[in-house]
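# Descriptive analysis of the structure
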Amino acid sequence: MGFFEYLLNNRTIALNVDATDWIDAIRKGGAMLTDNGTCEQKYIDAMINGCVRNGPYFVIGPGIAMPHSRPENGVLKAGYALVTLKSGVEFGDGENDPIDVLIFMAAKDQASHTEEAMSQIAEFCDNADWLLELRVAKDANAVIDLLKRAEKACVSR
Amino acid sequence: MTVTAKGSVSSRVRVQQFGRFLSGMVMPNLGAFIAWGLITALFIPTGWIPNEKLSSLVGPMITYLLPLLIGFTGGKMIWGIRGGVVGAVATMGIVVGAGIPMFLGAMLIGPVAGVCVKYFDKSVEGKVPAGFEMLVSNFSAGIIAMLLALVSLMAIQPVVAGLMHVLQSSVGWVVDHRLLPLASLFIEPGKILFLNNAINHGVLGPLGVAQVAEHGKSILFLLEANPGPGLGILLAYWLFSKGTAKASAPGAIIIHFLGGIHEIYFPYVLMNPLLILSAIAGGMTGVTTFMMLGAGEVASPSPGSIFAVMAVAPRGGLLPVLAGVAAAALVSFLVAIPLVKRAAGSMKEDEIADSLSDAQTAMNEMKNLGKVESIVFACDAGMGTSAMGATRLRKLLGEAGLGDIKVTHCAVDEVPRGTSVAICQKSLADRVRASNPGTKVFGISNLVNASEYQGIVDELVALRRDKV
């Protein structure tokens, strides 16, 4: 299942979340994935530990992070979550901080659908218009609409 | 990006490089020297808190550990850890063969071992049948190390014996002819080579004892035990040097001057051999002062700490002894200042030079990238961001006409050996570099946008073009 498809089906979307710091942001956003059985709590912990150990290795662009960890750290099935923060938090990445968009990822293995989803995430995040829409979206419906459009646009590329 | 032509190497630069090389062998190991110095000052029978069990560390550490560390570091500087291992084994031959602590020998044989294994590796590069690399690698290192150890063992003994003999007779001649200040010319270098005991027991000791029997004191006991020259050198390092050398100097001063373990200042001289001149100058000044003031000791101060030196001064003879120590320290300090400053100054230049040479190395390495056949994108798990990056890069490479370059992705810990180029998120770059020393690693900040990838692709295109 692709990235957009998953979000549209599972509605693991949270907007304007209040987070005090990056750890809080990961916990709050990650709760959606533990709630719907995508992963265990220890997977969320592993995301945080990985960041502490390696530095913010999952910051993928200005203001955007893709919190994830290794499958063996508690992934039950593949899943994604999209979170925007009310105000950005510092992850410790000088060039990309503050982060206000988090795309959580849980992957089971190296299957091709993971690659497809990655590609979609990359295309989405590379589009300044879409990111802007996401950041100013007032409610989930606006985002759903945006995601549908983005999905169509990505398919046709 | 232009590649600057490699300029000719001036002799000044060569001298600097040599100096940097020497200090590079010693400085990382100063902590070990300090540890040894502290243990010695504390626990030897004449130490501050004598303890037989604890002092059993002293001998093996200075005979084996410290020279082996230097030998390892010397080999490592030439040819990485592989060179270091062979260097350490070769040093063992010198250490066992000589029977006395062999810092200088280690500084010679360590790099030589590195050069030997480097030369071997380069000459068999590409000629090893597939599957035999590990075997050849380990056995070649082992055999080279064995040969070097055997050669050093057999060759070093006559060298040390010869040096000992020369120094003993020189000092003996000097004493006979009442030219005592000249003794410093032989004693100070002899100390650095750990031949001071040979000089003490072989020449100065017996003569000194005879003098005490006749005159109640002997100046000969002060020739080698004077802590002044070493103090001056260490003070110069403390005030005018930089980095590790500067930071460790105060500790070394305590161990040397208060603890009487002179050996602690030897590495500071070995790092910058011209400092032997300040030791000699200080020593000569001290001896001359002792002579002029009629100083002497009733027994050999052991260890050579300021306390011991004061303790064995004859009644009423304390001031001449202290005056000689102070004068020696002052002169040694003054002579050491310009030498230490120059080395410290070139350390700063070195930082600039290092970054320049790093840049140049990077450029030269890039030239070799022209024949890149595969690129690896790495991330922590090997499936998320690396897959993203690999797909993007593949597309861009295809568009740039470099579609023949294979792009794969993997976990940071599983980058295939021999990968020439690896890309990853910048936080992971150090990890990738650490486990893949030969690989050129690009750490990028923005994985979603094409610009950083494009930059790498452009470089590869340019290099392909230049190579042709």
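Whatever comes next refers back to the structure up there.
Residues numbered from 1 in each chain as written. Chains lettered and ligands numbered in written order. Predicted model: local features only at pLDDT ≥ 70, side-chain atom pairs only at ≥ 80, totals over all residues.

## Some details on the overall build of chain A
Scanning chain A from terminus to terminus reveals 6 helices and 5 strands. Listing the helices and strands of chain A from first to last along the sequence gives α-β-α-α-β-β-β-β-α-α-α. Counting all 157 residues of chain A, 43% fall into the buried class. When contacts within chain A are restricted to residue pairs at least 6 apart in sequence, those whose partners lie at least 24 apart make up 70%. (Helix = DSSP H or I, 4+ residues; strand = E, 2+ residues; numbered from the N terminus. Buried ≥ 20, exposed ≤ 12 C-beta atoms within 10 Å, placed from the backbone. Contact = placed C-beta atoms within 7 Å.)

## Details of the environment of B:Val174
Residues and elements named next belong to chain B. Along the polypeptide, Val 174 turns up in helix 6 (residues 133-176). Residue Val 174 is classed as buried on the basis of its C-beta count, with 20 C-beta atoms lying within 10 Å. Sequence separation of Val 174 and Phe 186 is 12 residues, and the distance between their C-alpha atoms is 9.6 Å. Those residues in contact with Val 174, other than ones at most four positions away along the chain, are Leu 179, Leu 180, Leu 182 and Ala 183.

## Let's talk about the sheet that holds strand 3 (residues 421-425) of chain B
Residue and element names in this part refer to chain B. Ordered by their spatial adjacency, 4 strands build an open sheet running 2-1-3-4, and the pairing between neighbours is parallel. Both edges of this open sheet fall to strand 2 (406-411) and strand 4 (440-444), since each of them pairs with a single strand only. Put simply, the sheet's adjacent strands are angled 25° from each other on average, direction ignored. Here helix 16 (residues 385-399) sits on the sheet and contacts strand 1 (374-379), strand 2 and strand 3; the angle it forms with strand 2, its principal contact strand, is near 170°. (Pairing = 2+ DSSP bridges. Axes fitted to C-alpha atoms, helices over the stretch in contact; angles between N-to-C directions.)

## Side note on helix 3 (residues 41-54) of chain A
Three or four residues apart is the spacing at which side chains of an α-helix point the same way, because the helix has 3.6 residues per turn. Residues and elements named next belong to chain A. Compared with an ideal rise of 1.5 Å per residue, which puts 14 residues at 20 Å, helix 3 spans 20 Å between its outermost C-alpha atoms and is within 8% of the ideal. Buried residues along helix 3 sit in contact with helix 2 (22-35) and strand 5 (99-106). Once helix 3 ends, the next one or two residues include Gly 55, with phi positive near 95°. (Expected span 1.5 Å × (residues − 1).)

## Describing the sheet that holds strand 3 (residues 64-65) of chain A
Residues and elements named next belong to chain A. One open sheet holds the 5 strands; their spatial order is 1-4-5-3-2, and the pairing between them is mixed. Strands with a single pairing partner mark the edges of an open sheet, and in this sheet they are strand 1 (13-17) and strand 2 (59-61). Note: strand 2 against strand 3, 2 bridges, orientation antiparallel. Bridge pairing in strand 3 links Val 59 to Ala 65.

## Notes on the packing of helix 6 of chain B against helix 7 (residues 180-192) of chain B
Residues and elements named next belong to chain B. Contact geometry for helix 6 and helix 7: axes closest at 8 Å, N-to-C directions at 165°. Comparing their axes, helix 7 and helix 6 come out roughly antiparallel. In terms of crossing hand, the pair formed by helix 6 and helix 7 is left-handed. For the pair helix 6 and helix 7, the contacting residues are Leu 167, Ser 170, Val 171, Val 174 and Val 175 in the first and Leu 180, Leu 182, Ala 183, Phe 186, Ile 187 and Gly 190 in the second. Here the contact of helix 6 with helix 7 is built from residues that sort into 9 nonpolar, 2 polar and no charged. (Parallel < 35°, antiparallel > 145°, perpendicular 65-115°, else oblique. Left-handed = near helix turned anticlockwise from the far one by under 90°. Nonpolar A, V, L, I, M, F, W, Y, C, P; charged D, E, K, R; others polar.)

## Remarks on helix 1 (residues 3-10) of chain A
Residue and element names in this part refer to chain A. All of the buried residues along helix 1 are Phe 3, Phe 4, Tyr 6 and Leu 7. All buried residues of helix 1 project into a common sector of 165° when viewed along the axis, lining one side. Looking one or two residues past helix 1, Arg 11 carries a phi angle of roughly 50°, positive in sign. (Arc of directions from axis to C-beta.)

## A word on the packing of helix 2 (residues 30-43) of chain B against helix 11 (residues 243-258) of chain B
Residue and element names in this part refer to chain B. Two numbers describe how helix 2 lies on helix 11: the axes approach to 10 Å, and their chain directions differ by 10°. Put simply, helix 2 runs roughly parallel to helix 11. Contacts from Leu 30, Ile 34, Gly 37, Leu 38 and Ala 41 in helix 2 reach Thr 244, Ser 248, Gly 251, Ala 252 and Ile 255 in helix 11. Per-class residue counts for the contact of helix 2 with helix 11 are 6 nonpolar, 4 polar and no charged.

## Digging into the nonpolar core
Residue and element names in this part refer to chain B. Membership of the largest hydrophobic core comes to 103 residues, with the highest contact counts inside it found for Val 86, Ile 233 and Leu 234. Sorting elements by how many residues they give to this core places helix 4 (residues 58-98) first, with 18 residues. Those residues within four positions of Val 86 in sequence are excluded, and the remaining contacts are Gly 75, Ala 113, Cys 116, Val 117, Ala 141, Ile 144, Ala 145 and Leu 148. (Core = buried A, V, L, I, M, F, W, Y, C linked by C-beta atoms within 7 Å.)

In short, the description is geometric, and any link to function would need to be established separately.
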